[in-house]
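# Breakdown of the fold
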Amino acid sequence: MNSSRRDFIKISMWGAGAAAVAGSLYSVDVFGGNKEDFNYDRPDLKRFPTYCDVCFWKCAGWTYVDDKGTIKKIIGNDIDTHSKGRLCTRGTGGLGMHFDDDRLKTPLIRVSKKGEKSVFREASWEEAISLVASKMKDIKSKYGAESFALLKHGAIGSHLEHLFSAYGSDTVAEPAFAQCRGPRDEGLKLTFGESCGSPEATDMRDSKCLVFIGSHIGENMHNSQVQEVSEAIDKGVTIITVDPRLSTVASKSKYWLPIRPATDMALLLAWMNVIIFEDLYDAAYVAKYTTGFDELKEHVRQFTPEWAYSITDLTPKMIRDSAREMAKAAPATLIHPGRHSTWYGDDTQRTRAIGILNALLGTWGRRGGFYFNEKAKVPKYPHPEYPEPAWKAKDLNVNLLFANQGVTNEVIRASIPGEDTTHQVKAWMVAGTNLTQSVPTEKNLMMKAIEALEFLVVIDIYPVEITGYADVVLPECSYLERYDDLRNSDFRTPSIALRMPAAAPRWESKPGWWIGKQIGLKLGLGDYYKFNDYTDILDWQFKQMGTSLEEMKHIGVKNLPRTSGPLYIEDGAEHIFKTDSGKIELYSQKLKDVGLDPMPVYTAHEQPPKDYFRLNYGRAPMHTFSKTVNSPNLNDLRSENALWVNPKVGKIWNLKSGQPVWLKNQDDVVSSFPIKVRLTERIRWDSVYMVHGFGQKNPEMKRSYGKGVNDTEMITKLMVDPLMGGTGMRGNFVTILTENPKETV
Ligand SMILES: Nc1nc2c(c(=O)[nH]1)N[C@H]1C(S)=C(S)[C@@H](COP(=O)(O)OP(=O)(O)OC[C@H]3O[C@@H](n4cnc5c(=O)[nH]c(N)nc54)[C@H](O)[C@@H]3O)O[C@H]1N2
Ligand SMILES: Nc1nc2c(c(=O)[nH]1)N[C@H]1C(S)=C(S)[C@@H](COP(=O)(O)OP(=O)(O)OC[C@H]3O[C@@H](n4cnc5c(=O)[nH]c(N)nc54)[C@H](O)[C@@H]3O)O[C@H]1N2
Ligand code: SF4
Ligand SMILES: [Mo]
């Protein structure tokens, strides 16, 4: 057994608690750990390449299928950089998404009227697709194609973007921007001219000091990232974690900084102060590659650790010691920029502060810091030019000068008559995103928008909550049952990977590319669909790249050589950053020119009122958002979330671990379901914590219905980022109700 495997198990166990689950519903072992306990040479087995779709790390693997066509096992592909031969718990348990009998089985058409209890009837694909196409034509002729919005996430996105571009709409948005990475990506772009991408170009395996601010790796289970932290731990890395909660990675840290929530900016400024005024910064790097150092120095002069102490609850000694520790290891220090960064509304600026700290320590473009990633150049399958839409999703982002793509919340607002918006949206196609769970809104805007729509079509694999509001529901087949676009992501070296079916689509479900094509054909867009099967496109692309579909079926992944130059800036070499100045912008003239703060500033955010706690949320290692909570194997591992409460609070409120409670937020919204208390010292007294994704509302999701609380329900106040529209979600406060509030009504 090689050491990286053992380490990965170790690190996965931090959160999962158990390596394998007895009595799983299907004969697959849920954790990839016992890769060896399976006889891969059985003559009845065939293997098919895929890349995992349980989260967006897209780890390449192999599915093993027996001679009855039953999928028996999925494992990582050894030559793959994303998985390094191992899938995480979710990836291994991903087979549950194939086997789950609660899945959508046929197209559905609504028979009840709007506002009435939803009733659907089964329909043929022919009827359902014809209805969708006729509505698309109708919306286009009445309001223009742009009024039909696509809200999507995941693999199906590219297939439907092609359809929408051909149809004439660029009104496209996804929760990965304004609910997730948007502030981080825009903040890094403003500072370095580019973001760290996904998978993040963080060189953690060679880091000597790792700093995690929120970012809860180990619960956030992005595969190679977790393996690299594990490698770094084996090599003696110093970890510093800033988190109001003792996260898994905080428990592995030399320094855990249990910061008062919402005050990170003060810590970041104080760290800059120490690093600059104790001369701990990389003077040569700063002189050569950055601009605005003198302004920054003046700016942070006042932000001493003593100043930050009263704001953050972190002692000046702790702030100084941790800053020195970072400097000691630099440039092999990585201050991780996080991923889910929509916290308190000043998130683009907070990421800029993280970027600036990295720049002071000279970590961008350095071993153990950030490397320069690269992806393959994949030729586009030929099609006619797309028509130019009269307006684009970005045109809805008035005043959001740094929102470089569609913002879900702006599309939602544009769908409500009477809202102040530049254009009106009249219909949605929602695919691969359970909107009511993934996009919190204020003042019930989500429901108002859904009610105002003339048409809503949802494409999903499950009867999740959003399908209940649809006029038409289309069942996609699971990722194990389909071809998809080839995988091409940024990494240290470029690679491509193939996803092909290991089994036939179950029931009447169909692949996303097929659904897109059928709608396209009905719309008269046949010129954009000059292929029979998706394999035509894949084979054509692979052949342009020196391989073929046939070869890819045998290797799954093809690693390609780098062509963009070295991974790091070579010692003292010239390097032009992709910013206006060609340098790392510690001071941003671009922000100054539009009247925004050129350097990050601290703003105090509201703290919870008496008897209320800040609602804090995060990830569980065995689940991805809401998309896995009904999956048999993963539901076995955890079927509901718990409410982390500090024991001091528990004592005052007379709470016991395991006791069900209901939550009420600052806007008097009460949770639909109860959640069980978990008393733990690992959370500050001023916050409560839960894992996102639970509290499913559709009873057809039999394993997950009514289990736990949906954090999105409790998030009715947003702190919107003025730069890019990110919806900061962490300014919500809840109080605890020990009696079922519904019984007293
Ligand atoms: N298992 C699993 N892994 C996943 C995912 C999944 O669904 N499941 N999702 C993936 C995706 S898309 C994303 S975006 C990432 C998200 O994962 P991360 O980017 O790591 O998320 P963070 O927002 O950093 O969040 C959670 C941590 O922030 C802490 N926190 C809360 N408030 C504050 C605060 O004010 N200050 C500080 N310093 N910390 C605070 C919480 O206690 C928690 O430990 O995870 C990815 N990985
Ligand atoms: N309150 C709150 N909101 C959040 C977050 C949070 O932590 N708390 N996290 C934010 C972050 S970081 C992100 S990235 C987003 C994630 O947001 P989403 O990606 O929307 O997450 P899910 O809610 O899991 O919705 C995924 C949907 O895809 C469906 N699905 C699964 N597989 C397939 C498939 O193969 N085909 C199709 N068509 N559908 C499929 C699932 O059934 C589910 O309905 O949420 C954001 N919103
Ligand atoms: S990190 Fe896990 S869930 Fe995500 S793609 Fe990789 S194996 Fe799948
Ligand atoms: Mo995310």
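Everything numeric in this text was worked out from a predicted model, so none of it was measured.

## Focus on the domain arrangement of the protein chain
- What the domain assignment lists for the protein chain is domain 1 (108-171 + 389-476 + 511-529), domain 2 (189-373 + 569-593) and domain 3 (613-737).
- For domain 1 versus domain 3, the distance between C-alpha centres works out to 28 Å.
- It is Gln437, Pro440 and Tyr462 in domain 1 that bury the most area against domain 3; as a group they hold 36% of the surface buried on that side.
- Linking domain 1 with domain 3 are 0 salt bridges.
- A breakdown of the residues in the side of domain 1 that touches domain 3 according to their chemical character gives 10 nonpolar, 7 polar and 3 charged.

## Here we look at the packing of aromatic side chains
- Under the defined criterion, the tally for this structure stands at 27 aromatic pairs.
- Among the aromatic residues, those joined into a ring-pair cluster are Tyr381, Trp513, Tyr529, Phe531, Tyr534 and Trp540.
- Lying over the aromatic face of Phe531, Lys517 brings its terminal NZ or CZ to 5.2 Å of the ring centre.

## Notes on the UniProt feature "domain: 4Fe-4S Mo/W bis-MGD-type" (unreviewed entry) in the protein chain
- Per the UniProt record, the feature "domain: 4Fe-4S Mo/W bis-MGD-type" (unreviewed entry) sits at residues 45-101.
- Annotated as residues 45-101, this span is 16% helix and 32% strand, and its ends, taken at the C-alpha atoms, are 24 Å apart.

## Side note on the environment of Phe148
- Following the sequence through the fold, Phe148 ends up in strand β6 (residues 148-152).
- Overall, the relative accessible area of 0% leaves Phe148 in the buried class.
- Sequence separation between Phe148 and Phe491 is 343 residues; the distance between their C-alpha atoms is 35 Å.
- Those residues within four positions of Phe148 in sequence are excluded, and the remaining contacts are Lys135, Met136, Ile139, Phe164, Tyr167, Ser169, Thr171, Ala427, Trp428, Met429, Phe455 and Val457.

## Some thoughts on the sheet that holds strand β2 (residues 60-65)
- In space, the 3 strands of this open sheet follow the order β1-β2-β3, with antiparallel pairing throughout. Bordering the open sheet on either side are β1 (46-51) and β3 (71-76), each of which pairs with just one other strand. Within the sheet, the average angular offset between the axes of one strand and its neighbour, ignoring direction, is 25 degrees.

## Description of the pattern of salt bridges
- This structure, assessed with the given rule, holds 57 salt bridges.
- The partner of Glu476 in a salt bridge is Arg482, and the shortest N-O contact between them spans 3.2 Å.
- In the salt-bridge network here, residues are joined through shared partners; they are Glu278, Glu306, Lys317, Arg320, Asp321 and Arg324.

## Description of the site of ligand 2
- Close contacts around ligand 2 come from 29 residues, with His153, Thr433, Ser438, Asp460 and Glu476 the closest.
- Backbone polar atom of Asn434 to an oxygen atom of ligand 2: 3.2 Å apart, as the coordinates give it.
- Taking Arg482, its side chain carries an N or O atom lying 2.9 Å from an oxygen atom of ligand 2.
- Expressed as a share of its isolated accessible area of 930 Å², the protein-covered part of ligand 2 is 97%.
- Listed by contribution, the elements that provide at least two residues to the shell around ligand 2 are α6 (175-192), α15 (435-438), β14 (455-460) and α23 (711-714).
- The element contributing the most residues to the shell around ligand 2 is α6, with 3 residues.
- The residue makeup of the shell around ligand 2 includes at least three contributed by each of domain 1 (108-171 + 389-476 + 511-529) and domain 3 (613-737).

The rules behind these values
Residues numbered from 1 in each chain as written. Chains lettered and ligands numbered in written order. Predicted model: local features only at pLDDT ≥ 70, side-chain atom pairs only at ≥ 80, totals over all residues. Heavy atoms only, no water. Domains from an automatic or database assignment. Buried area = accessible area lost by both parts, 1.4 Å probe. Salt bridge = Lys/Arg side-chain N within 4 Å of Asp/Glu carboxyl O. Nonpolar A, V, L, I, M, F, W, Y, C, P; charged D, E, K, R; others polar. Phe/Tyr/Trp six-rings, centres within 6.5 Å; stacked < 30°, edge-to-face > 60°. Lys NZ or Arg CZ within 6 Å of the ring centre and 35° of its normal. UniProt positions renumbered as here; feature names shortened; annotations may be inferred. Helix = DSSP H or I, 4+ residues; strand = E, 2+ residues; numbered from the N terminus. Buried < 20%, exposed > 50% of the residue type's maximum accessible area, 1.4 Å probe, protein only. Contact = heavy atoms within 4.5 Å. Pairing = 2+ DSSP bridges. Axes fitted to C-alpha atoms, helices over the stretch in contact; angles between N-to-C directions. Near = heavy atom within 4 Å. Polar contact = N/O pair within 3.5 Å; in protein donor to acceptor, adjacent residues only side chain to side chain. Areas by Shrake-Rupley, 256 points an atom, 1.4 Å probe, with all protein chains shown as cover.

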